[in-house]
Every structure is written in C-alpha cells, then in structure tokens.
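Next come the chains, spelled out residue by residue.
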Amino acid sequence: MAGVTRRGLLSTAARAGTAAAAGVLLSGTTARAEAGTAATPDAVTVGPADRRYLDLTSRCYNARFVGTPDTVRIVYSTRQVVAAVQEAVDTGRRLAVRSGGHCLEDLVDNPDVRLLIDVSEMSAVGFDPERGAFCVEAGATLGHVYRAFYLDWGVTVPGGTCPTVGVGGHVTGGGYGALCRKYGAIVDHLYGVEVVTVDAAGRARAVVATRDDTGSLGDLWWAHTGGGGGTYGIVTRFWFRSPEATGGSPAALLPTPPRRVLQTSVTWRWADLTARDFAALVRNHGAWHEEHSTHGSPYDSQHSLLTLRNAAQGTVTLSVQTDADLADADRLTGDYVAAVSSGVTAGATTQSAVWPWMRTTLRDLYDTGTHNRTKSKGAYLRRGWSDEQVAALYDHLGDPGYDGQAGILLYSYGGKVNTVAPDGSAMPQRDSVLKANFTTYWADPSQDDRHLAWLRSLYHDIYAATGGVPALDGAADGSYINYPDTDLADPALNTSGIPWQSLYFKDNLPRLRRAKAAWDPGNVFRHALSVTA
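In short, a report on the structure. Not measured: the values here are computed from a predicted model.

**A word on the environment of G166**
And step 1. With respect to the secondary-structure elements, G166 resides in the loop between α4 (142-153) and α5 (167-172).
And step 2. Spatially, the C-alpha atom of G166 lies 9.4 Å from that of H144, the residues being 22 residues apart in sequence.
And step 3. Those residues in contact with G166 that lie beyond four places of it in its chain are S99, G100, A140 and T141.

Here it is in structure tokens:
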C-alpha cells in the first residue's frame, strides 16, 4: 500500500505543529484519525475526585498495587507527553508511564508517583513510507498490532502470547513469544523509537533514534532493545523493520506468520504422577531443548510451554504449537511429545486441533479472574534443571497445604534468538534454551505474606546453590526484566553477591548506564528496577 495507509498515517504537514512543539520533525507519524480528518483530542486530566480515577489507577495486572497519584494524564500525542513530562519536572513531582498495565511489580503504581501519564489512547498502527518501516504508538496492545499487521499487510512481529499486553513495556524489556525460535525476539526487528527525554537543563523534548544512528543516539535506540521501560524516557512510537529486509513493499519488511497452527495439549493429573514421573517430565523437557535449540533445526517453527501447576490445581500440562502447513507437522509434534513423556507411567489426556494463526494468537489465556493478586519471578535456563532442583520443585508444588494458584512455566527458547550477539541488543541472554516464569495467584489480601513466602521459598530452594538466584553460570543466565522481581535487589533474598542489575543486563550494563547518563542525567525516569547512571 503506497502512501497513506488506512490505519491512519498523517502527512508531515498535518502533524508539523505537534512535531515542532516536541522539538523534532517527524514524517509519516501515526494518529487515530484517517489522514488528518479529525483533530487530535486534548489531553485529559483526572484527579481523585473524578469517577474515572479508580479505573485509571487500578488498571494494573497485579491487584497488590494500586496507585495514588495526584493526577492521571491521558495523552493522545507526543506533544502532550512532552507537556506532561515538563509539568512534572517543573513542579518536582515523580512521574510514571502506563501503556498496557501489565507490570508485575509496583514500578508504575508506586506511592511516590504523583503524576501518572497514561498513553493507552495512543494506539495507532500504520506504515511509514518515508522511513520504510511500520509505526506503532506505545499504547497499542500486542493483539491490536498483530491484527493490524496481519490483516493489512500479511506480516507480524515475534512478540508475546498475551494479546492484552501493551507494546510500550513489552518491547522495551526485550519481548519474546511463540515465533521467537524462528524469527528472534521482537527487539531484533526494532528499527527506531521516539522517546520523550529530559536534558540536564530540565527541558523535556522528543527525540527519534534508530538502529542506523551512532554515538549517543545509537545508545538511546539500543537501550530500548531490552534495557527495560521507564528508565531513559517515555517511548511514544516504535518503528519496526527486520534488519535483513530489502525493497519497498511493506509485505516484505517483517516476518510472515504461519497460515495455520497445529495446537496440541497433553495433560497429566497430579494424582496420577509419581515423583519419578514428575522428574522425568521436567528432565526430558530440559534435555530436549538442550538438543534442539540451535537455529536451523526442523523444530524452529515449534513453540512449547510446560506448565507445572501445584497439586491443589490438579494438573500438569504440555502445550505445543507447530506450523500446521509443514509437511511433517504431525510427526514433529508427535516425536516431541513422545520425547518429553518418555518414561512417564501416568496416563495423559491429549487434545489436538488446527486453528488459523490469528485466531490462535488473539486468544487471551491469562485472565485469572478474582485471583488477581500475584507474585512472579524469572530465570533463563542454559540447560535443564538438576535432579536436586527438580526434587525441590516437586516438594513445593506437591505441598498439600498450599492452596494458591501456582505455576512454573517453562517456555521454549533458543533458535533464531540465539543467533544475535549478547551486545547486539540490550537483552544479553542469547544462549539460553528455556525461559522460566515462576508465579502464583491468590484472591485474599490478608494472605499476601503467606503466598509471597511460599514462592520465595520455592525460588530460593531451586537456586540454593547460587545464593537464591539464577546466577550467571553454566546452567542459568540471570533473569528477564519483563518479569520484574524487586526481591533480586534485596540482599536478604539475593545472597549471591551478584548485583541485581547484572542478573538482568550482564555485561551490557555499562552501555546502559552511559545511555542513562546521556539522556536522563536528572534521573527523572526511575523506579525500583531502573538502570542508574
């Protein structure tokens, strides 16, 4: 589609006033209106007396945290973000930004935050012909991006599997999902970012940085390829184009998803699993990924998730997604399931179905209902867990006295992700084969301490040999900033001697600190897990 796309790219002239006010001239930027046929709405200011305040301050995925800002500012343009940031600086108020609301810690909903900037209404998606890249506003959700990219151009980005997650936080933390083994992480396709920053004089302005830039601009772009959100500024726009893409056709500039996917789930009842069965499942799963995670494997198009629920929930499930149009899709899936279940004596229930790719991708499987209080932790696995770690996992999950909704999720990783150098993006973990998410959910606020203690104990016991954290050794490789865990910054819980920032960013930390010093010298953009200069 040449020129202005149907999802609303404004011409340079139509947006010149906004761009000029932001201190940067943009071309082909997005807006909600069709080619400038409607004006950008004014920003909306909501205070505690407004009936909308509760909704805006309780949009967090984790109900343990509810913000109490003096003001929530709903913004619709980069210019309005610049003005809100400048107001916060001029009045000395701590600020935070929200896009999708899926942050798992109180990085946004912290009691010190007095001005919350909500970019969720900045959600337009389009193609920018002048930059030759797809443009996505930071408030768009992954589901909206997948739908727009696929229906309009037949392409996608290899992002996460939860369609309600906001692009703003997901991309800046690194981003991975069901297509990462074949196409890499979402940041491996990030061409540029527009970021509202604050200089040493306290002046807010918008800056565009791309992967073509060098020097401090290059550092700013690179910092947003996995350095975490809310640290260097507020991203208002992302541009996506695969680094190897050529030509001017939008349909050739990003990956193409499978037409159909074969989805298979294998479920075992906890009551039927012996300790030996459980250990076999976890060990087999780890060993298979150690062997089959090199890029170019026949299994590049396969994504899987082993969900180890606690006994109170009753089941353990292996979920597999494979490109259904592969000639041997059934065999690849069957061989994988057989390898993971080898030696398991308990019976299992197996279900398979073929779905259109978009229908599968837009399903939201992450709604926990009233069990909306949660704690999460993460880890990268370079190889499967040891027998001692598996035994600790079984003991905790099998505890008959624990009634939370716990799940240790082991996501397939590796493949194309691991072809990028550790310093090729801010996300340095580029030789892992699995990604682990430890999580538990509950409903009763009075039980917070009990559930937190249970998950902390499980995590500590699994990593007891390395100070209670996934140390940077041959077996583990730290953690993922999009599974934020403030416990890693607590010396009582992290006794490894490894600073929490190194667990997330490893040897990339010095460059991230250089970007922080250059672009946020006053530390305006900060939270408990933000990079410090």
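**Concerning the sheet that holds strand β13 (residues 349-356)**
And step 1. Spatial strand order, β13-β10-β12-β11-β15-β16-β14: seven strands in an open sheet with antiparallel pairing. Each edge of the open sheet carries a strand with a single partner, namely β13 and β14 (373-381). Within the sheet, the average angular offset between the axes of one strand and its neighbour, ignoring direction, is 15°.
And step 2. Bridge analysis of β14 against strand β16 (residues 434-442) gives nine bridges, and the strand direction is antiparallel. From the neighbouring strand, K377 faces β16, where its bridge partner is F438.
And step 3. The strands touched by helix α12 (residues 448-462) are β14, β15 (405-412) and β16; relative to β16, the strand with the most contacts, the crossing angle is about 160°.

**Observations regarding the packing of helix α11 (residues 387-397) against α12**
And step 1. Following both chains from N to C, one finds α11 and α12 inclined at 165°, their axes separated by 8 Å at the closest point. Accordingly, the angle class assigned to the pair α11 and α12 is roughly antiparallel. Where α11 crosses over α12, the handedness of that crossing is right-handed. Along the contact surface, α11 presents Q389, A392, L393, H396 and L397, while α12 presents W454, S457, L458, D461 and I462.
And step 2. For the contact of α11 with α12, the per-class residue count stands at six nonpolar, three polar and one charged.

**What to know about the pattern of salt bridges**
And step 1. Tallying each qualifying case throughout the model produces 32 salt bridges.
And step 2. The shortest N-O distance in the salt bridge between R131 and D128 comes to 3.8 Å.
And step 3. Judged by its relative accessible area of 0%, D128 is buried.
And step 4. In this structure, the salt-bridge partner of D219 is R514, at a minimum N-O distance of 2.8 Å. Of the two residues, D219 sits in helix α7 (residues 215-223) while R514 sits in helix α14 (residues 509-519), which places them 295 residues apart along the sequence.
And step 5. One connected set of salt bridges, linked through shared partners, spans E105, K375, K377, R456, D485 and D487.

**Here's the deal with the side chain of T264**
And step 1. Considering the arrangement of structural elements, one finds T264 in strand β10 (residues 260-269).
And step 2. In this structure the side chain of T264 is engaged in a polar contact, spanning 2.9 Å, whose partner is the side chain of S352.
And step 3. Residue contacts for T264: discarding those within four places in its chain leaves L318, S319, V320, T333, T350, Q351 and S352.

**As for the packing of aromatic side chains**
And step 1. Taken as a whole, this structure holds 26 aromatic pairs when the rule is applied.
And step 2. On the basis of an interplanar angle of 75° and a centroid distance of 5.1 Å, the ring pair of F134 and W153 is categorised as edge-to-face. Highlighted residues: F134 in strand β6 (residues 133-137) and W153 in helix α4, separated in sequence by 19 residues. Comparing F134 with W153, the two get one shared label, buried.

**A few points about unusual backbone geometry**
Glycine aside, residues mostly have negative phi, and peptide bonds are mostly found in the trans state.
And step 1. Positive phi outside glycine occurs at K506, with the angle close to 50°.
And step 2. Note on placement: K506 falls in the loop between α13 (500-505) and α14.
And step 3. According to the relative accessible area criterion, K506 is buried, its value standing at 18%.

**Focus on α14**
And step 1. Along α14, the residues that are buried comprise L509, L512, A515, K516 and W519. The buried side chains of α14 occupy one side of the element, clustering within an arc of 120° when seen end-on.
And step 2. Next to the buried residues of α14 lie β7 (190-198), β8 (204-210), α7 and α13.

**So, helix α3 (residues 78-91)**
And step 1. Between its first and last C-alpha atoms α3 spans 20 Å; for 14 residues at 1.5 Å apiece the expected length is 20 Å, and the two agree.
And step 2. Among the residues of α3, those classed as buried are T78, Q80, V81, V82, A84, V85, Q86 and A88.
And step 3. Count one or two residues on from α3 and you reach G92, which has phi positive near 70°.

**Looking at the packing of helix α8 (residues 275-291) against α11**
And step 1. At a minimum axis separation of 10 Å, α8 and α11 run at an interaxial angle of 125°. Taken as axis vectors, α8 and α11 run oblique relative to one another. Helix-helix and strand crossings are classified by hand; for α8 and α11 the assignment is right-handed. Taking contact as the criterion, the partners of A275, F278, A279, V282 and R283 in α8 are, on α11, D387, V390, L393, Y394 and L397.
And step 2. Residues that form the contact of α8 with α11 fall into these classes: eight nonpolar, no polar and two charged.

**A word on the sheet that holds strand β4 (residues 115-118)**
And step 1. With mixed pairing, the four strands of this open sheet are ordered in space as β1-β2-β4-β3. On the outer flanks of this sheet lie β1 (44-46) and β3 (95-98), each paired with one strand and no other. If you compare each strand with its neighbour and ignore which way they point, the axes differ by 20° on average.
And step 2. As defined by bridge partners, strand β2 (residues 71-74) adjoins β4 across four bridges and the pair is classed as parallel.

**Topic: the pairing of β6**
And step 1. Most of β6 is tucked away: five of the five residues are buried.
And step 2. Here four bridges tie strand β5 (residues 125-128) to β6, and the two strands are oriented antiparallel to one another. Across the sheet, residue F127 finds its bridge partner in β6, namely F134.
And step 3. Here four bridges tie β6 to strand β9 (residues 234-240), and the two strands are oriented antiparallel to one another.

**So, the environment of D461**
And step 1. Topologically, D461 is positioned in helix α12.
And step 2. Distance in space between the C-alpha atoms of D461 and L116 is 38 Å, their sequence separation being 345 residues.
And step 3. Among residues more than four places away in sequence, those in contact with D461 are A392 and H396.

The rules behind each value
- Residues numbered from 1 in each chain as written.
- Predicted model: local features only at pLDDT ≥ 70, side-chain atom pairs only at ≥ 80, totals over all residues.
- Heavy atoms only, no water.
- Helix = DSSP H or I, 4+ residues; strand = E, 2+ residues; numbered from the N terminus.
- Contact = heavy atoms within 4.5 Å.
- Pairing = 2+ DSSP bridges.
- Axes fitted to C-alpha atoms, helices over the stretch in contact; angles between N-to-C directions.
- Parallel < 35°, antiparallel > 145°, perpendicular 65-115°, else oblique.
- Left-handed = near helix turned anticlockwise from the far one by under 90°.
- Nonpolar A, V, L, I, M, F, W, Y, C, P; charged D, E, K, R; others polar.
- Salt bridge = Lys/Arg side-chain N within 4 Å of Asp/Glu carboxyl O.
- Buried < 20%, exposed > 50% of the residue type's maximum accessible area, 1.4 Å probe, protein only.
- Polar contact = N/O pair within 3.5 Å; in protein donor to acceptor, adjacent residues only side chain to side chain.
- Phe/Tyr/Trp six-rings, centres within 6.5 Å; stacked < 30°, edge-to-face > 60°.
- Arc of directions from axis to C-beta.
- Expected span 1.5 Å × (residues − 1).

In short, the description is geometric, and any link to function would need to be established separately.
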